[in-house]
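Below, each chain spelled out in residue letters.
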2 protein chains.
Amino acid sequence: MLEAVAEFLAVSGIEVVARARDGEEALARIAERQPAVALVDVRMPGIDGLEVARRARRAAPGTSILLYTGYGDRAVLAEAFDAGVGGFVLKEAPLDDLLRAVRTVAAGKTYVDPVLAASAIGPSTAPRLTPRERDVLRLLADGLSNEEIGKELFISAETVRGYIRKAMDKLGADTRTEAVAAALRQNLIA
Amino acid sequence: MLEAVAEFLAVSGIEVVARARDGEEALARIAERQPAVALVDVRMPGIDGLEVARRARRAAPGTSILLYTGYGDRAVLAEAFDAGVGGFVLKEAPLDDLLRAVRTVAAGKTYVDPVLAASAIGPSTAPRLTPRERDVLRLLADGLSNEEIGKELFISAETVRGYIRKAMDKLGADTRTEAVAAALRQNLIA
DNA sequence: GCGAGGATCCCCGTTTCGGGGGAGGGCTGC
DNA sequence: GCAGCCCTCCCCCGAAACGGGGATCCTCGC
């Protein structure tokens, strides 16, 4: 897969300066080569693509991150742009789209997969949760109590309650249970 | 859709004795004509296919119900066979499969869509919830309290608690919230 | 006809939740 | 450098949920 994509880009006139198999390696290569564009998979062992994007902004401010993944929804898209990525392409997209995306972000613009864009511009009813709020909801969905969640996240049970209340507020839920259900239904947590 | 299927069956040598647009009508026709096989959609306005199957067993004991729907999972499959249906076919299946299914159940045997069967014979980890348990979890996911659920279902809040506890038990959940999350994840409720 | 299982209801003491409030520290982007 | 957001923690109150028990009734299948 990695080889195939690199090969395709190379024959299409894009200079491929490096390849990496995981997040650590990707970051190292990005810092080292300072490429114009870094094509990064969201799902990777260790550091995921989003995290790579966040860190790369410091390590290589001139590099545009182009996320390349098999799946995307409103939530990850929003998070991705928060992380400062330059574009987002689905693996199912035709290879020409990938090429266009690379060139677009290389030019400093933003590229979003058209399929994804269609679903993202619709009524983005799904509220934005902070990472902490999501952590808490996830653990809540696994049946942990405030106390247990606190231990898990190294924060106090009171703080946990605070996050839950904020999440309930954002999701328009009357109970913590409804908040978890809403988050699940809207793919805000898994 | 209805017409197309009827047409196909007719030209394939199956005698189509009646058609119906909803559950009520289907039941009436089944009772009236006592067909060997009734091809029924699960999702219908008013009485759904499962309910039609249950009632048809009384109204027409000799009729085999063949459910025909666009979507299916372990849970509905299990419920379907509890309701006494003779077979289950997905709309995505090739038309030949539909034909085979009709002939199979007409012969008094059971037919299950091969795609569905594959997923159903796997580790059926999803527990069985009673209708009442599902009702309660659904309302719980909508943020209602025990009291409110009770009013909604015309039962006491204590009874509601009882169902929730049973559902928690079946789902291996420690909290009502986890029970709802588990039910959502396993498509036991929507 | 008898057992299994579903649906219904109840009690009681303990814990947690829901809903307010406030408050400080830190990073970040403009 | 300052506003804004996130993370963190704390207090109070009344209401609700929890845990674990038991109990009755009815229907359906064998």
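For the structure itself, look to the data block above.
Since we're looking at a predicted model, the values are computed, not measured.

Asks: In this structure, what is going on with the interface of chain B and chain A? I would like to understand it.
Replies: The parts lose accessible area when they come together, and the size of an interface is often stated as this lost area. Residue-level contacts link 14 residues of chain B with 14 residues of chain A. Roughly 1,200 Å² of surface becomes buried between chain B and chain A when both sides are summed, with 51% attributable to carbon and sulfur atoms. The largest per-residue losses of area from chain B upon contact with chain A belong to B:Gly143, B:Thr177 and B:Arg185, which jointly make up 42% of the total buried on that side. The interface formed by chain B and chain A contains two salt bridges. One salt bridge connects A:Arg185 with B:Asp142, and the closest N-O pair in it is separated by 3.4 Å. Residues that form the side of chain B that touches chain A fall into these classes: six nonpolar, three polar and five charged.

Asks: What am I meant to see in the protein's contact with DNA strand C here?
Replies: Taken together, the neighbourhood of DNA strand C is formed by 17 residues, with A:Arg58, A:Asn146, A:Arg161, B:Ser156 and B:Tyr163 sitting nearest. One of the side-chain N or O atoms of A:Arg161 is found 2.6 Å from a base oxygen in DNA strand C. Note that a phosphate oxygen of DNA strand C is positioned 2.5 Å from one of the backbone N or O atoms of B:Ser156. Contributing elements (two or more residues each) for the surface near DNA strand C: α3 (49-59) and α9 (157-171) of chain A together with α9 (157-171) of chain B. With four residues, the top contributor of residues to the surface near DNA strand C is α9(B). For the surface near DNA strand C, a count of residues per class yields three nonpolar, five polar and nine charged.

Asks: Even after reading the chapter, I still don't get the nonpolar core, so can you show me in this structure?
Replies: Side chains of a nonpolar character, in soluble globular proteins, are inclined to be buried together. Grouped together as the largest cluster of nonpolar side chains are 44 residues, with contacts concentrated most on A:Leu137, A:Leu171 and B:Leu137. Elements represented by at least two residues in this core include exactly α7 (131-141), α8 (146-153), α9 and α10 (176-185) of chain A together with α7 (131-141), α8 (146-153), α9 and α10 (176-185) of chain B. Ignoring sequence-local partners within four residues, the contact set of A:Leu137 consists of A:Leu129, A:Ala167, A:Leu171, A:Ala179, A:Val180, A:Ala183 and A:Ile189.

The rules behind the values
Residues numbered from 1 in each chain as written. Chains lettered and ligands numbered in written order. Predicted model: local features only at pLDDT ≥ 70, side-chain atom pairs only at ≥ 80, totals over all residues. Heavy atoms only, no water. Contact = heavy atoms within 4.5 Å. Buried area = accessible area lost by both parts, 1.4 Å probe. Salt bridge = Lys/Arg side-chain N within 4 Å of Asp/Glu carboxyl O. Nonpolar A, V, L, I, M, F, W, Y, C, P; charged D, E, K, R; others polar. Near = heavy atom within 4 Å. Polar contact = N/O pair within 3.5 Å; in protein donor to acceptor, adjacent residues only side chain to side chain. Helix = DSSP H or I, 4+ residues; strand = E, 2+ residues; numbered from the N terminus. Core = buried A, V, L, I, M, F, W, Y, C linked by side-chain atoms within 4.5 Å. Buried < 20%, exposed > 50% of the residue type's maximum accessible area, 1.4 Å probe, protein only.

Distances and angles like these do not, on their own, reveal function.
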